[in-house]
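# Survey of secondary and tertiary structure
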Amino acid sequence: MSEGMKVEDGQVVSMEYALHVDGEVVDTSDGREPLEFIQGTGNIIPGLERELYGMVIGDSKKVSVTAADAYGEVDPDAYADVPRSEFPEEIPVEKGVEIQVRDESNNPLFARIDSFDNESVKLDFNHPLAGKTLNFDVKIVGLRGASPEELDHGHAHTAGHHH
Ligand code: ZN
C-alpha cells in the first residue's frame, strides 16, 4: 500500500512517540491513536520534524531537540511580581500552580507560580518546557500523501477530527 514511501514534505505521517524531559515521560501516544501531521508544514516542533525526513514505516529513532529548537530558552524577563493583596483568593498560593490571566488586550495568558513570600507572588510566563532538552522516541507507523484539502488547511484530517 505504501511501498517505497518515506517521510517527505506533503506526507501525512502517523507516528508513535514518547517525550522524555529530565528523565521523565511528559507526553506519549501510548494508549492513544498515533500522532498524525503533515510533514513540512510546521505542525510539530522544527527540531523534531527535520530529523524525520527519509524514515519509512516501521523505522524508530531517538531524537534529542535542544531548547533553542523546541520551546526556546527561559526568558528572564517573562516573570512578574503580583502583590499578595491583588492575588485572587480562590487560587492556592503554591509553587507550580498554573493560572490564567489577561493581558492589556484581554487575551488569555498562562503562568505558573514560581515563588512567593508574604508580600508578593512571582509568576513565570515561560512555556513549561522552555529551557529543556526534549528527548523523543519516535516510530513511524503510517505514511500517505496528503489530500489537496489537507494541504490547503495545513493539517491532517484524521477520522473524527475534521476542521
Ligand atoms: Zn482541516
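Relevant structure appears above.
The sections below set out a description of the structure shown in this document. (Residues numbered from 1 in each chain as written. Predicted model: local features only at pLDDT ≥ 70, side-chain atom pairs only at ≥ 80, totals over all residues. Heavy atoms only, no water.)

What follows concerns the pairing of strand 2 (residues 24-28). The pairing of strand 1 (residues 11-21) with strand 2 spans four bridges and is classified as antiparallel. Across the sheet, L19 pairs through a bridge with D27, a residue of strand 2. The turn linking strand 1 back onto strand 2 is made up of two residues, and D22 within it adopts a positive phi angle of 50°. (Pairing = 2+ DSSP bridges. Helix = DSSP H or I, 4+ residues; strand = E, 2+ residues; numbered from the N terminus.)

Below, the discussion takes up the sheet that holds strand 6 (residues 98-102). The antiparallel open sheet is built from four strands, whose spatial order is 5-8-7-6. A strand with exactly one partner marks an edge of an open sheet, and here the two such strands are strand 5 (79-83) and strand 6. Averaged over all pairs of adjacent strands, the angle between their axes in this sheet comes to 45°, without regard to strand direction. When strand 5 meets strand 8 (residues 120-124), the two strands line up antiparallel, connected through five bridges. Bridge pairing in strand 8 places P83 opposite S120. (Axes fitted to C-alpha atoms, helices over the stretch in contact; angles between N-to-C directions.)

Now for the nonpolar core. The biggest cluster of nonpolar side chains holds 21 residues, and the ones touching the most others in it are M15, L48, L52, V65, L134, F136 and V138. Elements that contribute at least two residues to this core include exactly strand 1, strand 4 (60-65) and strand 9 (134-145). Dropping the residues within four chain positions of it, L134 is found in contact with L19, H20, V21, I45, V63, S64, V65, A70, Y71 and L129. (Core = buried A, V, L, I, M, F, W, Y, C linked by side-chain atoms within 4.5 Å. Buried < 20%, exposed > 50% of the residue type's maximum accessible area, 1.4 Å probe, protein only. Contact = heavy atoms within 4.5 Å.)

What follows covers the environment of L35. Within the element layout of this structure, L35 appears in strand 3 (residues 35-38). Sequence separation between L35 and S14 is 21 residues, and the spatial gap between their C-alpha atoms is 5.5 Å. The contact partners of L35, leaving out residues within four places of it in the chain, are V13, S14, M15, Y17 and I44.

Counted under the stated rule, the structure contains nine salt bridges. In this structure, the salt-bridge partner of D22 is K132, at a minimum N-O distance of 2.8 Å. Taken together, the positions of D22 in the loop between strand 1 and strand 2 and K132 in the loop between strand 8 and strand 9 put the pair 110 residues apart, joining distant regions of the chain. The exposure class assigned to K132 is partly exposed, which follows from its relative accessible area of 27%. When the shortest N-O distance is used, the salt bridge between K61 and E51 registers 3.5 Å. Of this pair, K61 sits in strand 4 while E51 sits in the loop between helix 1 (46-49) and strand 4, placing them ten residues apart in sequence. Here K61 falls in the partly exposed class, since its relative accessible area comes to 30%. For E51, a relative accessible area of 32% puts it in the partly exposed group. (Salt bridge = Lys/Arg side-chain N within 4 Å of Asp/Glu carboxyl O.)

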